[in-house]
Amino acid sequence: MLKIEGVTKIFNKGSVNEKVALKNIGLELGEGEFVTVIGGNGAGKSTLLNCISGVFGIDSGRILLDNKDISKEPEHKRSAFIGRVFQDPLMGTAFDMTIEENLAIAYARGKKRGLLPGIPKADQAFFRERAAILELGLENRMKEKVGRLSGGQRQALTLLMAAIVKPKLLLLDEHTAALDPSIAAKVLQLTDEVVKEHNLSTLMITHNMKAALDHGTRTIMMHEGKLIMDIQGEERSGKTVDWLVEQFSRKSGTALDNDRMLLG
Amino acid sequence: MWLLLQGSLELGIIYAIMALGVFISFRTLNMPDLTVDSSFTFGAAFSAVLCVAGHPVLGLIIAFIAGCAAGSVTALLTTKLKIQPILSGILMMLGLYSINLKVMGNRANIPLSKALKVPTIFTPFADTAVEGYIALILSGAILLLILFVLYYFLRTKFGLVLRATGDNDKMVRASGVDTDFTTLVGLAISNGLVALSGAMIAQYQSFTDVSMGIGMVVIGLASVIIGEVVFGTRSLMNRLVAVVLGAILYRVIIAVALRLGMPPTDMKLVSAIIVAIALSLGIFRDKVISLTGRQAVMAGQKGGDNDAEN
């Protein structure tokens, strides 16, 4: 499925501000595996996701998706196989276009976009059906602009868009961090449903230790650009947030720098 | 008075084509493209030269293609060479000025007057019953055609991502689309329309001048913004029609001002002031709303905002 081999990413290479964001990262993800990613600020979590999706190029190593080396492909080509939801609810949708139009753009992912009508009648019904799954009443607001939705509604919609064409890989970059707790819980529940429904291979960054253990099948921890922990199955089940916090201090040699990671 | 109105209407219709071009770059790509000032003249230059050669219709077609080419170059400067959009436009504006002179055979202007027997798209109708209205009819027909093609195009699968590019280019790339390409197509069509408008103005006024495009981008922006403020932005059709009506309204405003004794030399200043006011209207509107507490009412008017706080 996804194979990351010895990936290193250096920002501002050769300057005084040089920063090694990823150090020789190796990671392998199986079909349908749902990995939660935790770590402090500057650990390299987002950089890792951005390197996989092609926002950043990498300095060494390889990234393989279904045994195909994608590390030289531009971002938009990789997007044909990778669904993404960002932390900022504004980033995932086009605010001045309708819910229906946004879904139509997502629905054509990986296909040729010609001069045929963007939203044929048959698709309209399909989009309504998909939107109804969210249980947010969006199916009755299909012609409304996305700019009129709340952050939570937008994130739910972005999630739907990321999976409307089944991606090989789903990347979630703290996609609930900017939401109210109750809405965040709802979006997380939707995430579980969507991942299960399509059996998606998923990488989810979260700042929330509890969510990291409650969701997914495997958890990895990053610190200063390195993978410092990788647990799954027996090793992971029944573990508490306290245990995870202790592991973090032991393996990173620092205390958690961030209350945000404990709360919620 | 009617003559004044008819003249404004004719000019407004032709300039509306230019304004639709500006709408594409400014609104759908979110990029104020200064290439417009020169691509307008670029179109007019080809139009004039081809009229003199006896091919007024071909002049419009070539003008459109030339405009597309100019827009494509601006797009490449921005996307491939990573030059800031505003600077790319300025560079094109400057460079095209010399090229426009070359197209015009190193003359600063080309007259197409009836006395010289130069054919334009309007001349075949001279001495017929519709002569007085032919500019209105012909330009109106061309504008309507463009309006419908544009409306269809912007709702196609490709049109949707073109519109989303200005909204959120990151989301467009995440949907598997190369935003460099959507920008290229958008700027090409935008400047193609601008050049076509210039080509029609040249034939309508029977005159092409190398400096006729100066300030054109500001007039285009004024038309777009006046249209939005007065006629709304509810749907795509609404937006396109608003741009057209904005362009016509702008011409009427200018005509009335001239009638009231404004010296023609002040026109560019007035245009600049209109755009400055129009661009800042949003701020004033927010102020008024917060002062009068009419926010809920305003939101209600736009329709069903009730569960936005979820």
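In this text, all values refer to a predicted model and were calculated from it rather than measured experimentally.

K.L.:
Kindly report on the pattern of salt bridges, identifying the contributing residues and their values.
P.N.:
Oppositely charged side chains can pair when the atoms bearing their charge come close. Residue and element names in this part refer to chain B. Tallying each qualifying case throughout the model produces 22 salt bridges over all chains. The partner of K80 in a salt bridge is D180, with the nearest N and O atoms 3.0 Å apart. One end of the pair, K80, is in the loop between α3 (56–79) and α4 (85–103); the other, D180, is in helix α8 (residues 179–205), and 100 residues separate them in sequence. In this structure K80 comes out as exposed when scored by relative accessible area, which is 51%. Notably, a salt bridge pairs D169 with R173, separated by 3.5 Å at the nearest N-O pair.

K.L.:
Just give me the short version of the environment of V73 of chain B, but keep the residues and values in it.
P.N.:
Residue and element names in this part refer to chain B. On the secondary structure map, V73 appears in helix α3. The partly exposed category is assigned to V73, whose relative accessible area is 39%. Sequence separation between V73 and F148 is 75 residues, and the spatial gap between their C-alpha atoms is 27 Å.

K.L.:
Please set out the pairing of strand β9 (residues 218–223) of chain A residue by residue, giving values where relevant.
P.N.:
Residue and element names in this part refer to chain A. Summarising burial for β9: six of the six residues are buried, a large majority. Neither face of β9 is exposed, since R218, I220 and M222 on one face and T219, M221 and H223 on the opposite face are all buried. In this sheet, β9 lies alongside strand β3 (residues 34–39) in parallel orientation, the contact comprising five bridges. Across the sheet, residue G39 finds its bridge partner in β9, namely M222. One ladder, built from six bridges, connects β9 with strand β10 (residues 226–232); its direction is antiparallel. Following the sheet pairing, M221 is matched in β10 by M229. The turn linking β9 back onto β10 is made up of two residues, and E224 within it adopts a positive phi angle of 45°.

K.L.:
Provide a residue-level description of the nonpolar core, including the pertinent values.
P.N.:
If you look at the biggest cluster of nonpolar residues, it comprises 105 residues, and the most contacted ones within it are L103 of chain A together with M18 and L20 of chain B. Excluding residues that lie within four positions of it along the chain, L103 of chain A makes contacts with F127, M142, L157, L160, M161 and I164 of chain A. I25, V35, V37 and L49 of chain A belong to the second largest nonpolar core, which has 25 residues in total.

K.L.:
Talk me through the confidence of the model for chain B; I want residue IDs and the actual numbers.
P.N.:
All names here are of chain B. Put simply, chain B has an average pLDDT of 90, and 93% of its residues get 70 or more. Model confidence for chain B, summarised as mean pLDDT per element, is weakest for helix α12 (residues 295–302) at 41 and strongest for α3 at 98. In this model, residues 294–310 is a region of pLDDT below 50 whose contacts with residues beyond four sequence positions or in other chains number 22 contacts.

K.L.:
A description of the interface of chain B and chain A should follow, citing residues and the corresponding values.
P.N.:
In this assembly, 32 residues from chain B lie in contact with 38 residues from chain A. In total, chain B and chain A occlude about 2900 Å² of area from one another, counting both sides; carbon and sulfur atoms represent 53% of this. Looking at the side of chain B facing chain A, the largest losses of area belong to K157, D167 and K170 of chain B, adding up to 23% of the total buried there. Residues R239 of chain B and D96 of chain A are paired through a salt bridge, measuring 2.7 Å at the closest nitrogen-oxygen approach. Taken together, the connections running from chain B to chain A amount to 16 residue pairs in polar contact (both at pLDDT 80 or more). Listing elements by their share of the side of chain B that touches chain A, those giving two or more residues are α5 (134–153), α6 (157–167), α7 (169–174) and α12 of chain B. For the side of chain B that touches chain A, the leading source of residues is α6 of chain B, giving seven residues. The residue makeup of the side of chain B that touches chain A, split by class, is 11 nonpolar, eight polar and 13 charged.

K.L.:
Please give an account of empty space enclosed by the protein that cites residues and values.
P.N.:
For the coordinates displayed, the defined rule picks out one cavity of 30 Å³ or more. Taken as a whole, the largest cavity encloses approximately 110 Å³ of empty space. Forming the walls of the largest cavity are G83, R84, F86, G92, A106, R109, T158, M161 and A162 of chain A together with M171, A174 and S175 of chain B. Contributions of two or more residues to the lining of the largest cavity are made by β6 (82–85) and α5 (151–164) of chain A together with α7 of chain B. Among the elements that make up the lining of the largest cavity, the one with the highest residue count is α5 of chain A (three residues). Broken down by class, the residue content of the lining of the largest cavity amounts to six nonpolar, four polar and two charged.

K.L.:
Talk me through the sheet that holds strand β8 (residues 201–205) of chain A; I want residue IDs and the actual numbers.
P.N.:
Residues and elements named next belong to chain A. Across the sheet, six strands lie side by side as β6-β7-β8-β3-β9-β10; this open sheet has mixed pairing. At either margin of the open sheet sits one strand with a lone partner, and together these are β6 and β10. Taking each pair of neighbouring strands and ignoring which way they run, the sheet shows an average axis angle of 20°. The strands touched by helix α6 (residues 181–198) within the sheet are β3, β7 (169–173) and β8, with β3 carrying the most contacts at an inclination of about 145°. Running at roughly 145° to β10, helix α8 (residues 241–252) makes contact with β3, β9 and β10 of the sheet.

K.L.:
Account for unusual backbone geometry, with residues named and values stated.
P.N.:
Unlike most non-glycine residues, N24 of chain A shows phi in positive territory, near 50°. Given the relative accessible area of 57%, N24 of chain A is considered exposed.

K.L.:
I'd like a description of the packing of aromatic side chains, backed by residues and values.
P.N.:
Per the stated rule, a full pass over the model turns up nine aromatic pairs over all chains. With 6.2 Å between their ring centres and 40° between their planes, F153 of chain B and F158 of chain B make a pair best called tilted. We note that F153 of chain B, like F158 of chain B, is buried. Residues F158 of chain B and F181 of chain B carry aromatic rings whose centres are separated by 5.7 Å and whose planes lie at 70° to one another, so their mutual orientation is edge-to-face. Remark: F181 of chain B occurs in helix α8 and F158 of chain B occurs in helix α6; sequence separation between them is 23 residues. Take F181 of chain B: its relative accessible area is 43%, and that puts it in the partly exposed class. Aromatic rings pair up to connect Y107, F126 and F127 of chain A into one cluster. Against the face of Y107 of chain A rests K111 of chain A, its NZ or CZ located 4.2 Å from the ring centre. Over the aromatic face of F81 of chain A sits the side chain of K168 of chain A, whose NZ or CZ is 4.4 Å from the ring centroid.

So, how was this worked out
What you see as residue numbers is a count from 1 along each chain, following the sequence as written. Written order determines the labels here, with chains lettered from A and ligands numbered from 1. pLDDT decides what is reported in this predicted model: residues at 70 or higher carry local features, side-chain atom pairs at 80 or more are listed and counted, and totals for whole chains, interfaces and linings draw on all residues regardless. Note that the side-chain values use all heavy atoms of the structure and ignore hydrogens as well as water. Any carboxyl oxygen of Asp or Glu that lies within 4 Å of a side-chain nitrogen of Lys or Arg is treated as forming a salt bridge with it. Each helix corresponds to a stretch of at least 4 residues labelled H or I by DSSP, and each strand to a stretch of at least 2 residues labelled E; elements are numbered beginning at the N terminus. The classification of residues rests on relative accessible area computed with a 1.4 Å probe and restricted to protein chains. Under 20% of the type maximum is buried, over 50% is exposed, and intermediate values are partly exposed. Any two strands are treated as partners once DSSP identifies two or more bridges connecting them. Nonpolar cores were defined as sets of buried Ala, Val, Leu, Ile, Met, Phe, Trp, Tyr and Cys residues, with membership established by side-chain atoms within 4.5 Å. In this description, contact between two residues means that some pair of their heavy atoms is separated by no more than 4.5 Å. pLDDT is a per-residue confidence score from the predictor, ranging from 0 to 100. Buried surface area refers to the total accessible area, computed with a probe of radius 1.4 Å, that the two partners give up upon joining, counted for both partners together. For the purposes of these results, a polar contact is taken to be a pair of N or O atoms within 3.5 Å, where, inside protein, one atom must be able to donate a hydrogen and its partner to accept one; residues adjacent in sequence count only when each atom of the pair is a side-chain atom. Residues are sorted three ways: Asp, Glu, Lys and Arg are charged, Ala, Val, Leu, Ile, Met, Phe, Trp, Tyr, Cys and Pro are nonpolar, and all the rest, Gly among them, are polar. Buriedness for pockets is judged along seven lines, at least five of which must meet protein on both sides within 12 Å for an open set on the 1 Å grid over protein atoms alone, while cavities are sets there where a 1.4 Å probe fits but cannot get out, and lining residues have an atom within 4 Å of a point. Grid points are joined across faces, edges and corners, and a volume is the space filled by probe spheres set on the points. Structural elements are reduced to axes, namely lines fitted to C-alpha atoms, with helices fitted over the stretch in contact, and the angle between N-to-C directions of any two is expressed from 0 to 180 degrees. Centres within 6.5 Å make a pair out of two Phe, Tyr or Trp rings, where for Trp the six-membered ring is used; the pair is then stacked when the planes are under 30 degrees apart, edge-to-face when over 60, and tilted otherwise. To sit over a ring, a charge needs its Lys NZ or Arg CZ within 6 Å of the ring centre and within 35 degrees of the ring normal.

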